[in-house]
Amino acid sequence: MKKKYQEIRFILGDQLNANHSWFKKKDASILYVIAELKQETYYVKHHVQKICAFFLSMMEFAQALSHAGHHVIHMTLDDCEEFAELDELLIYTIKKYSAQSFSYQRPDEYRLLKQLRELRLPNHIVIKEYDTEHFLLPYEEIPSYFTQGKHHKMEFFYRKMRRRFDVLMEKEQPQGGKWNFDSDNRKNFKAADIQEIPSPLTFKNDVTDIIKRLDKHKVSYFGKVENQLLWPKNRKQALQVLRYFCKYNLPKFGKFQDAMTANSEHSWSLYHSRLSFALNSKMLHPKTILDETIAYYKKSEKTIDIAQIEGFVRQILGWREYIRGVYWANMPGYSVSNHLQAKQDLPHFFWTANTKMNCMKHAIGQSLNYAYAHHIQRLMVTGNFCLLTGIKPEQVDEWYLGIYIDAIEWVEMPNTRGMSQFADGGLVATKPYIAGGNYINKMSDYCKSCHYSVKHKAEENACPFNSLYWHFMSKHRQILEKNPRISMVYRNWDKQPQEQRNKVLTRAQWCLENIENL
Ligand code: FAD
Ligand code: SF4
């Protein structure tokens, strides 16, 4: 006899939250559906590790639910092939199992939320939307913290969150006597530090079948994977990464948060947690991460100081929740913002790492190898380059959204368009995050072995970032000069002889005209 279910519950690839209240009790009248949707592979071209990581974790999640006694179907690309649209797949499944109701967890991405809210299901089907129970700030409260079109200071939001969730607080005061130890987080690596960089915990998760499926269904992708995925595939592995981070990386996390080096075999991972995929797929809850790291800090106060744990807490409780607030307060208009009217195309070397700029070669190269780069590489190397050269924000978004293992629009877009490209006109950052080669030289050892000279601005071998910085400042003078945090920079520029300024701007023009060959 054909099996019937009263309710179909649909789970998206980034909703792998085993502790969701849906799963608190087993109910034989409910069928959970997890599907490898082709539409999710082509809304942007993805890194192969990203597709494999999501598909493998979805399969693992379906198996875990099934072992726990829930009724689940996991549909592969093969099973989904006959359905051109999500509506068709759901209508078929609902009919097949004679279901009367359909439920989903509210997607974190505007595109999918719209799609699910506009589903055309048969009239008699009762549709229910649930919370994902993932974020610390409830979705309904976002409007009371974030206003559309208005800049909110991350620092104030962060303090509210620290108070509200009682994180690193002591008698209502911040532990360690101040809210923010950011100024302690700007160390670069000395030679002795490089020897100590810990190796990252990675896995060898088999993705051979997934790659075969991708190729069979002509899913287009880029990047490398070699059949073994190094990213965690389930909650158990994600917890291992978290515990490994506490032991080996947390002690120096804050200190080297902004540092970069090309001289370690672990240059790509350094002291970063690499927890973003586990978090964004919801295998781990931010509260679990905060509780574990703070508990570890408390029992290791002799070896881990407050600046390290505070630096980490600020990322999870502050930046991550803040970015989500900015996204929901400003969508859908945010996705077309282009405040600086950037018009240039993304150079081809973003897809090959074939560039003479050593910092870019490393940041892009490791992104292609691991689907990962850490924050300062994303912001101050690749992002900085795109901003200085005026790359179209939609192309910058597309690259970041496709290449990174953790890239989901709600977090990628405000980071890219907002923090990195200033395309939102200052909703996230109060001024553009730009820098010449000096900053990169200060925070890394990339410049020492670069084709270009970081000391020069206008000469033939001059670091492109140097002249491009001044070109950007000149081009956007009208907009930026009013900002009191920037006006000083213009005073210094104006003091330089006209001839020198012209030489720098000529060099920048040359760089822009020859961008593909830099
Ligand atoms: P760690 O350095 O170990 O930090 C710990 C955690 O803090 C991260 O896992 C992440 O969850 C959180 N976090 C830190 N900074 C941010 C931030 N600015 N916004 C949101 N969360 C933050 N992060 C994504 O998760 N997905 C993206 O698509 C993404 N795109 C970005 C694009 C640009 C241009 C920039 C500048 C940043 C982007 N970030 C994105 C933020 C940040 O770079 C990554 O979260 C981080 O590099 C992930 O590596 P990690 O887990 O080792 O982080
Ligand atoms: Fe990058 Fe310029 Fe340094 Fe070369 S010299 S690594 S291009 S900052």
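Residues numbered from 1 in each chain as written. Chains lettered and ligands numbered in written order. Predicted model: local features only at pLDDT ≥ 70, side-chain atom pairs only at ≥ 80, totals over all residues. Heavy atoms only, no water.

Chemist: I would appreciate a short explanation of the overall build of the chain in the present structure.
Modeler: In terms of regular secondary structure, the chain is built from 22 helices and 11 strands. For 518 residues, the compact-globule estimate of 2.2 N^0.38 gives 24 Å, and the chain sits close to it at 24 Å. Projected onto its principal axes, the C-alpha positions of the chain cover 85 × 50 × 45 Å. For the chain, with 518 residues in total, the buried portion stands at 58%. Contacts in the chain between residues at least 24 apart in sequence constitute 76% of all its contacts with a sequence separation of at least 6. On the chain, roughly 22,800 Å² of surface is accessible, and the fraction owed to carbon and sulfur atoms is 49%. The average position of the 72 basic charges and that of the 57 acidic charges among the side chains of the chain differ by 3 Å. (Helix = DSSP H or I, 4+ residues; strand = E, 2+ residues; numbered from the N terminus. Rg over C-alpha atoms; globule rule 2.2 N^0.38 Å. Buried < 20%, exposed > 50% of the residue type's maximum accessible area, 1.4 Å probe, protein only. Contact = heavy atoms within 4.5 Å. Areas by Shrake-Rupley, 256 points an atom, 1.4 Å probe, with all protein chains shown as cover. Lys, Arg positive; Asp, Glu negative; His and termini not counted. Charge placed at Lys NZ, Arg CZ, Asp CG, Glu CD.)

Chemist: Just checking my understanding: could you explain the site of ligand 1 for this structure?
Modeler: As a matter of local geometry, ligand 1 sits amid 29 residues, with His272, Ser273, Arg274, Asn280 and Tyr372 nearest to it. Contacts to ligand 1 include Ser273, whose side-chain N or O atom sits 2.6 Å from an oxygen atom. One of the side-chain nitrogen or oxygen atoms of His375 is found 3.0 Å away from an oxygen atom of ligand 1. Relative to its unbound accessible surface of 810 Å², ligand 1 loses 99% to contact with the protein. At the level of secondary structure, the elements contributing two or more residues to the shell around ligand 1 comprise helix H11 (276–280), helix H13 (306–330), helix H15 (375–389) and helix H17 (409–420). In terms of residue class, the shell around ligand 1 is made up of 14 nonpolar, 10 polar and 5 charged. (Near = heavy atom within 4 Å. Polar contact = N/O pair within 3.5 Å; in protein donor to acceptor, adjacent residues only side chain to side chain. Nonpolar A, V, L, I, M, F, W, Y, C, P; charged D, E, K, R; others polar.)

Chemist: Whenever I open this one, empty space enclosed by the protein confuses me. Can you help?
Modeler: A probe as big as a water molecule, rolled over the atoms, marks out the empty space that is left. Within this structure, the stated rule accounts for 3 cavities of 30 Å³ or more. The calculated volume of the largest cavity comes to roughly 350 Å³. Gly13, Asp14, Glu40, Tyr43 and Phe54 are the residues nearest the centre of the largest cavity, which is lined by 24 residues in total. Those elements that provide at least two residues to the lining of the largest cavity are strand S1 (7–11), helix H1 (39–42), helix H2 (48–67) and helix H5 (110–117). Tallying contributions element by element places H2 first for the lining of the largest cavity, with 5 residues. (1 Å grid on protein atoms, 1.4 Å probe; cavity = no way out; pocket = protein on both sides within 12 Å on 5 of 7 lines; lining within 4 Å. Points joined across faces, edges and corners; volume = space filled by probe spheres on them.)

Chemist: In this structure, what is going on with the layout of surface pockets? I would like to understand it.
Modeler: By volume, the second largest pocket is sized at about 280 Å³. The wall of the second largest pocket is formed by 16 residues, among which Lys38, Gln39, Cys80, Phe83 and Ala84 lie closest to the centre. Listing elements by their share of the lining of the second largest pocket, those giving two or more residues are H1, helix H3 (77–80) and helix H4 (86–96). Here the residues of the lining of the second largest pocket are counted per class, giving 8 nonpolar, 3 polar and 5 charged.

Chemist: Explain the pattern of salt bridges here, please?
Modeler: What the rule picks out here adds up to 26 salt bridges. Between Lys216 and Asp78 there is a salt bridge, and its shortest N-O distance comes to 3.0 Å. Highlighted residues: Lys216 in helix H9 (residues 208–216) and Asp78 in helix H3, separated in sequence by 138 residues. Given a relative accessible area of 52%, Lys216 falls into the exposed group. Across the pair Arg106 and Glu140 runs a salt bridge, and its minimum N-O distance is 4.0 Å. Here the residue Arg106 occupies a position in the loop between strand S5 (101–105) and H5, and Glu140 occupies one in the loop between strand S6 (126–130) and helix H6 (142–145), the gap between them amounting to 34 residues. (Salt bridge = Lys/Arg side-chain N within 4 Å of Asp/Glu carboxyl O.)

Chemist: Quick question: what am I supposed to make of the sheet that holds strand S4 (residues 71–75) here?
Modeler: What links the strands of a sheet is backbone hydrogen bonding, and the strands pair in either a parallel or an antiparallel sense. Across the sheet, 5 strands lie side by side as S4-S2-S1-S5-S6; this open sheet has parallel pairing. Two strands lie at the open edges of the sheet, namely S4 and S6, each paired on one side alone. The mean angle between the axes of side-by-side strands here comes to 20°, regardless of whether they run parallel or antiparallel. Across 5 bridges, the pairing between S5 and S6 is parallel. Opposite Gln105, over in S6, you have Tyr130 as the bridge partner. Across the sheet, H4 lies against S1, strand S2 (30–35), S4 and S5, angled at about 145° from S1, the strand it touches most. (Pairing = 2+ DSSP bridges. Axes fitted to C-alpha atoms, helices over the stretch in contact; angles between N-to-C directions.)

Chemist: Please explain the pairing of S2 as it appears in this structure.
Modeler: Across a regular strand the side chains alternate sides, sitting on one face of the sheet and then on the other. In terms of residue burial, S2 counts as a mostly covered element, since 6 of its 6 residues are buried. What you see with S2 is no split at all: Ile30, Tyr32 and Ile34 on one side and Leu31, Val33 and Ala35 on the other are buried throughout. Inspection of the sheet shows S1 paired to S2 by 5 bridges, in the parallel sense. Within S2, the residue paired with Ile11 across the bridge is Ile34. Examined bridge by bridge, S2 and S4 share 5 bridges and lie parallel to one another. Bridge pairing in S4 links Leu31 to His71.

Chemist: How should the environment of Tyr145 be read in this particular structure?
Modeler: When you line up the elements, Tyr145 lands in helix H6. On a C-alpha basis, the gap between Tyr145 and Lys482 in space is 27 Å, while along the polypeptide they are 337 residues apart. For Tyr145, the residues in contact, after removing those within four places along its chain, are Leu137, His152, Phe157, Lys160 and Arg164.

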